[in-house]
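Residue-level structure breakdown
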Amino acid sequence: MNYLLRQLSAVRPQALQPRLPRTNLLTCPGATLCPVRGYKSLRGVYGYKPVEPNPFSLPEVVIQQRAEESNVFRFISAYREFGHLKANINPLAPNTRLVPELEPQKYGLTSDKTYTIKGLVAGCEETCTLELLQDILNQKYCGHIGAEFSYLPTEEEREWFATALETTSKEALTTEERIKLARDMLRSQTFDNFLATKFQSVKRYGGEGAESMVGFFTEAFKNIAQDGVEQAMIAIAHRGRLNLLTGILQYPPVVMFQKMKGLPEFPPEVKFTGDVLSHLVNSVDLEMGEHTLHVTMLPNPSHLEAVNPVGCGKTRARQRSLGDGCFSSEASARQSDKVVCIQVHGDAALGGQGIMQETLALSEAPHFTIGGALHISINNQVGYTTPGERTRSSTYCTDIAKMCSMPVIHVNGDDPEAVVKAARLAVQYQRKFRRDVFIDLVCWRRWGHNELDNPRFTNPSMYANIDSRRSVPDTYADALVSEGVLTQGDVTKFVNDHMSFLAEQYKLADSYVPKAPHFKKQWSGLVQAPGSIEVWDTGIDAASLKYLGAKSVHVPEGFNMHKHLKKTHIDTRLQKLTDGRGMDWATGEALAMASLLHQGFNIRFCGQDVGRGTFSQRHCMFVDQVSDEMYIPLNHMSETQTNHLEVVNSILSEEAVLGFEYGFSVESPNTLCIWEAQFGDFFNGAQIIIDTFLSSGERKWLTQSGLVMVLPHGYDGAGPEHSSCHIERFLQNCDSSETSPDGEDVNWGIVNPTTPAQYFHLLRRQVMRNYRKPLIIAGPKMILRLPAATSSLEDMAPGTHFLPVLGDKSVSPDSVRKVIFVSGKHYYALVSEREARGISDTAIIRLESLCPFPTKEINDELIKYKKAKTLVWSQEEHRNMGAWTFVHPRFENLCSTKLLYAGRDVSGVAAVGVGQLHKQEIQAIMDKTFNH
Ligand SMILES: Cc1ncc(C[n+]2csc(CCOP(=O)(O)OP(=O)(O)O)c2C)c(N)n1
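These lines cover the structure that appears in this document, whether it is placed above or below. (Residues numbered from 1 in each chain as written. Predicted model: local features only at pLDDT ≥ 70, side-chain atom pairs only at ≥ 80, totals over all residues. Heavy atoms only, no water.)

This brings us to the sheet that holds strand E3 (residues 145-148). In spatial order, the strands read E3-E11-E12-E8-E7-E4-E6-E5; together these eight strands make up an open sheet with mixed pairing. The open sheet has two free edges, formed respectively by E3 and strand E5 (283-288), since each of these has just one partner strand. Averaged over all neighbouring strand pairs, the angle between strand axes comes to 20 degrees, with direction disregarded. Each of strand E7 (339-346), strand E8 (374-379) and strand E12 (437-442) is contacted by helix H13 (residues 354-362), which is oriented at about 160 degrees to E7, the strand it contacts most. (Pairing = 2+ DSSP bridges. Helix = DSSP H or I, 4+ residues; strand = E, 2+ residues; numbered from the N terminus. Axes fitted to C-alpha atoms, helices over the stretch in contact; angles between N-to-C directions. Contact = heavy atoms within 4.5 Å.)

Glancing now at the packing of helix H26 (residues 826-836) against helix H29 (residues 915-931). Where H26 contacts H29, the axes come no closer than 11 Å and their chain directions differ by 70 degrees. Relative to H29, H26 is oriented roughly perpendicular. Crossing angle aside, the handedness with which H26 passes H29 is right-handed. On the side of H26, the interface is formed by His-826, Ala-829, Leu-830, Glu-833 and Arg-834, while H29 contributes Gln-923, Ile-925, Met-926, Thr-929 and Phe-930. (Parallel < 35°, antiparallel > 145°, perpendicular 65-115°, else oblique. Left-handed = near helix turned anticlockwise from the far one by under 90°.)

Before going further, it helps to spend a moment on the site of the ligand. Within the structure, the ligand sits among 15 residues, and Arg-239, Ser-302, Asp-347, Ala-349 and His-449 are positioned closest to it. Between the ligand and Ala-348, the relevant distance is 2.9 Å, taken from an oxygen atom to a main-chain nitrogen or oxygen of the residue. For the shell around the ligand, the elements supplying multiple residues, two or more each, are helix H12 (347-352) and strand E9 (382-383). Broken down by element, the shell around the ligand gets its largest block of residues, three residues, from H12. (Near = heavy atom within 4 Å. Polar contact = N/O pair within 3.5 Å; in protein donor to acceptor, adjacent residues only side chain to side chain.)

As a further point, take the side chain of Gln-641. In this fold, Gln-641 is placed in the loop between strand E15 (630-631) and strand E16 (645-649). Only 2.7 Å separates the side chain of Gln-641 from the backbone nitrogen of Met-637, close enough to count as a polar contact. Reaching out from Gln-641, the side chain makes a polar contact with the backbone oxygen of Asn-643 at a distance of 2.9 Å.

To continue, consider the packing of aromatic side chains. Inspection of the entire model under this criterion finds 31 aromatic pairs. Each ring, one from Phe-194 and one from Phe-257, has its centre 5.5 Å from the other, and the planes form 35 degrees; the classification is tilted. Note that Phe-194 is positioned in helix H7 (residues 175-198) and Phe-257 in helix H10 (residues 253-260), a separation of 63 residues in sequence. The residues Phe-194 and Phe-257 share a single accessibility class, namely buried. Where Phe-853 meets Phe-886, the ring centres are 6.2 Å apart and the plane angle is 70 degrees; that geometry is what we call edge-to-face. (Phe/Tyr/Trp six-rings, centres within 6.5 Å; stacked < 30°, edge-to-face > 60°. Buried < 20%, exposed > 50% of the residue type's maximum accessible area, 1.4 Å probe, protein only.)

Glancing now at the pattern of salt bridges. Inspection of every chain in the model, using the stated rule, returns 54 salt bridges. For Arg-424, the salt bridge identified is with Glu-171, shortest N-O distance 3.6 Å. Placement of the pair is Arg-424 in helix H14 (residues 416-433) and Glu-171 in the loop between helix H6 (155-168) and H7, with a sequence separation of 253 residues. Under the relative-accessibility criterion, Arg-424 is labelled buried at 9%. Exposure remark for Glu-171: the relative accessible area of 30% places this residue in the partly exposed category. Among the ionic pairs, Glu-667 bridges to Arg-318, the shortest N-O distance being 2.8 Å. With Glu-667 in helix H21 (residues 655-667) and Arg-318 in helix H11 (residues 307-322), this residue pair connects regions lying 349 residues apart in the sequence. Here the two residues Glu-667 and Arg-318 agree in accessibility, since each one is buried. Among the ionic contacts, a cluster of salt bridges with common partners joins Glu-171, Glu-177, Glu-219, Lys-222 and Arg-424. (Salt bridge = Lys/Arg side-chain N within 4 Å of Asp/Glu carboxyl O.)

For the rest of this paragraph, the subject is unusual backbone geometry. Residue Pro-852 is reached from Cys-851 by a cis peptide bond, and omega for that bond is 0 degrees. Inspection of the secondary structure puts Pro-852 in the loop between strand E24 (849-851) and helix H27 (855-864). With phi around 60 degrees, Asp-609 is a residue other than glycine that occupies positive phi space. Residue class for Asp-609 comes out partly exposed when judged on its relative accessible area of 42%. Positive phi, close to 50 degrees, is recorded for His-619, a residue that is not glycine. Here His-619 lies in the loop between strand E13 (602-607) and strand E14 (622-623). His-619 gets classed as buried once you look at its relative accessible area, which sits at 8%.

This paragraph deals with H11. Taking 1.5 Å as the rise per residue, H11 with 16 residues should run 22 Å; its terminal C-alpha atoms sit 22 Å apart, in good agreement. Among the 16 residues that make up H11, 14 are buried, leaving the element largely enclosed by the rest of the structure. (Expected span 1.5 Å × (residues − 1).)

Helix H5 (residues 130-141) packs onto helix H4 (residues 70-82) with a crossing angle of 25 degrees between their chain directions and a minimal axis gap of 10 Å. With respect to their mutual orientation, H4 and H5 come out roughly parallel. In the packing of H4 onto H5, the handedness of the crossing is right-handed. Judged by residue contacts, Val-72, Phe-75, Ile-76, Tyr-79 and Arg-80 of H4 engage Leu-130, Leu-133, Gln-134, Leu-137, Asn-138 and Tyr-141 from H5. Residues of the contact of H4 with H5, tallied by class, amount to eight nonpolar, two polar and one charged. (Nonpolar A, V, L, I, M, F, W, Y, C, P; charged D, E, K, R; others polar.)

The biggest cluster of nonpolar side chains holds 115 residues, and the ones touching the most others in it are Phe-161, Phe-221 and Leu-249. Top contributing element to this core by residue count: H14, with ten residues. Leaving out residues up to four positions away in the same chain, Phe-221 has contacts with Ala-232, Ile-234, Ile-248, Leu-249, Leu-286, Met-288, Leu-293, Val-295 and Ile-342. Judged by nonpolar contacts, the second largest core, of 74 residues, contains Met-233, Ile-689, Ala-843 and Cys-851. (Core = buried A, V, L, I, M, F, W, Y, C linked by side-chain atoms within 4.5 Å.)

On to the sheet that holds strand E26 (residues 900-904), then. Taken in spatial order, the five strands make up an open sheet running E21-E23-E22-E25-E26, and their pairing is mixed. Each edge of the open sheet is held by one strand with a lone partner, namely strand E21 (805-806) and E26. Of the pairings in the sheet, the one linking strand E22 (residues 818-822) to strand E25 (residues 870-878) comprises four bridges and is parallel in character. Paired with Phe-821 across the bridge in E25 is Trp-873.

In terms of residue burial, E8 counts as a mostly covered element, since six of its six residues are buried. Along E8, one buried face is formed by Leu-374, Ile-376 and Ile-378 and the opposite face, lined by His-375, Ser-377 and Asn-379, is buried too. Relative to E12, E8 runs parallel, the two sharing six bridges. Following the sheet pairing, Asn-379 is matched in E12 by Val-442.

Here it is in structure tokens:
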């Protein structure tokens, strides 16, 4: 067996050395508390941009002009609100819609008069006729750009948007910009054509019909870089992804080609399973004139829109690491606004996937805000085979944006210059107001869902129309040629040059050797997890723990503490720390967090109501009972504290929030990221994130995450829901072997700890190891305060660590005839029952770790009980649930042990909803366990 005991001092990599040496902890004066900063801690402002009094007011002269021409202004306002309905944004059909709100007679305007529009429409000084006014407004509001902004939350935003939109329509692109636009689109088209010839059976989800999206990207990159943004984070699905990667993000086509030939993207020495072509990524520095913009494209799963909250979480983590202080925060952990998240949607996915509702709901919520994202919907008016109008109930695929009053700019994708202008406008808005903004790029799709798919079976007339169309790049190039901006020779050269480049790359594909992944920047010092089992010393001396524990409940003078909390939480904790024993779960957790903060790690603890704790157990933040101010003691441990606990009482979402936390964790390996479900079973709302990122991300993309999921679990009569965290589903989703002992290189850890000290060690180990693995913790409910489930400071002392198996010290091995194996809080029920039945020949052994499966530790226990005749697995879950189906084959194969089963029968429901039945079932489990 490959089993290795590692001492922390011997193996802790240099890069992860705590910034405060351990000796600092030892010299902390356990009894005296350092003075703390003032606690005016900006309730609800943590992570927000500073709220300033809105200085905006319309100039007097404008108010007067509007008053004088109030009917004209009402008419103009109608265009601002409804003009988009008349705009020519659909390249496949002219807009013939009648918009009654835009009829001038409704505003008392007639053709026989002239009207003063000075000050009412940007850039217009004229006095004009109704017809001229209509022309001006139609041109500004109903051309190839139509925008929705009348619902923006402030007058300043609405006024700004109207002026910006009215001005945008006038701005022309420079000759240089136009040539670049033509060249970029021709390259995109050439890339698609090249693949169509060389890889006819490859699904590339090409950009044909949507090539003007490259205009959006280049313009957005240029504009944000000019505004001082240093990085862009792109969350994108399949459509046009490869074009973007090779065309703009400098992804070497050779790597893509070798992948298309079926070869792996990583070298053979790394443990990985790889991913499909349409999920490839790149991270690159783009030179944008005087500015450099670092652009990162995230790996994504096929599950559409799932990547968006992940992109937001990763963006926030990067903003935190760059912290230049744009966003203020509770404990002076600062957040930069130098990173912009760009989310690329499909129209059907955007209209249908609920995760977008959740993601947008995060956009301005404390602890989640990233200063506004740029969104673009590649609206090709069809989803797979389903025509656009059947993919939603709303007018536009972007209507979800209105949920959070975000502006939407609809643009005709056949007009690439309009797309560039739309991008400019979107960036200007995002930079000015740091809010999300959407572009709806209305375009079409040349082929089926992929290039092997025939779209004409289901959308014949649409495709008759599309088949008759010349491509957007060709049409645009033709226009520039006819205007004399380009020659036909220039166009041919653009195409040929790119074709030659691709052909060269193609030749290199067979001899290309994939590069070994390496851990860079914040990942330096980390490695892939070893194939053996390691033990990390995560203990801390008692004096330091007492000091830190006292800090965890310390509030400044003058803080109005809730009286009950003072008695039951603070005084009790202080007393237990003094005694050195009786530590409850929340104390173990607080000690783990305090020590990690002290040792140079940040912590982000997220979930619904985590600050107080669902079971009113945690109280890692206190609220002043007079002022409502929030105070987090662990952020005020000393004057010089540099690391922080971000207590994230999240919105009521599981999927987007977990995605966000995953994104944060992959960006920030030295932050302990914890997501706690309100009750364990609520994780199922986030199943897509769990399956496609958390459990599989490292295997697919070599991306490590140390995210901890705490899932309160346990049968306590609470009914079908709230009882089970369905640990069987996590076990089914792990790659622990049934036939050979696991190493640390399993895809994730799954544990069911039964003491605060075990939990303490797990949390500490999570960031102290030199690799990251997601950790699933079946968390406590009733044992949060169970006297039998407490720990002493000795259990956390130097030299101690997480124990994958807890043996039974209460029995003498020679007298044992039966061994019961159990995992989780059911242990305490078994111990009570054994006592009640007066049994003395039965040992009860706890499996605290399920994955990696603790083969060695189980065998070590089994060896002690040579006279045992009966070996039982006892669980409170149903037979088809809990850990039974997982442990059963492993006990047989790895421990040569046949176990009897004692637990609930199979069921399709997690737990009964009738108290009497619940009790009967428990009795039956106890009888089976002890009578076997
Ligand atoms: C959550 C989810 N459901 C179903 C699918 C299967 N699927 C792949 S692409 C697609 C259509 C997407 O349409 P749209 O969002 O308009 O993007 P487009 O492919 O047209 O660019 C569907 C249904 C998926 N990938 N993800």
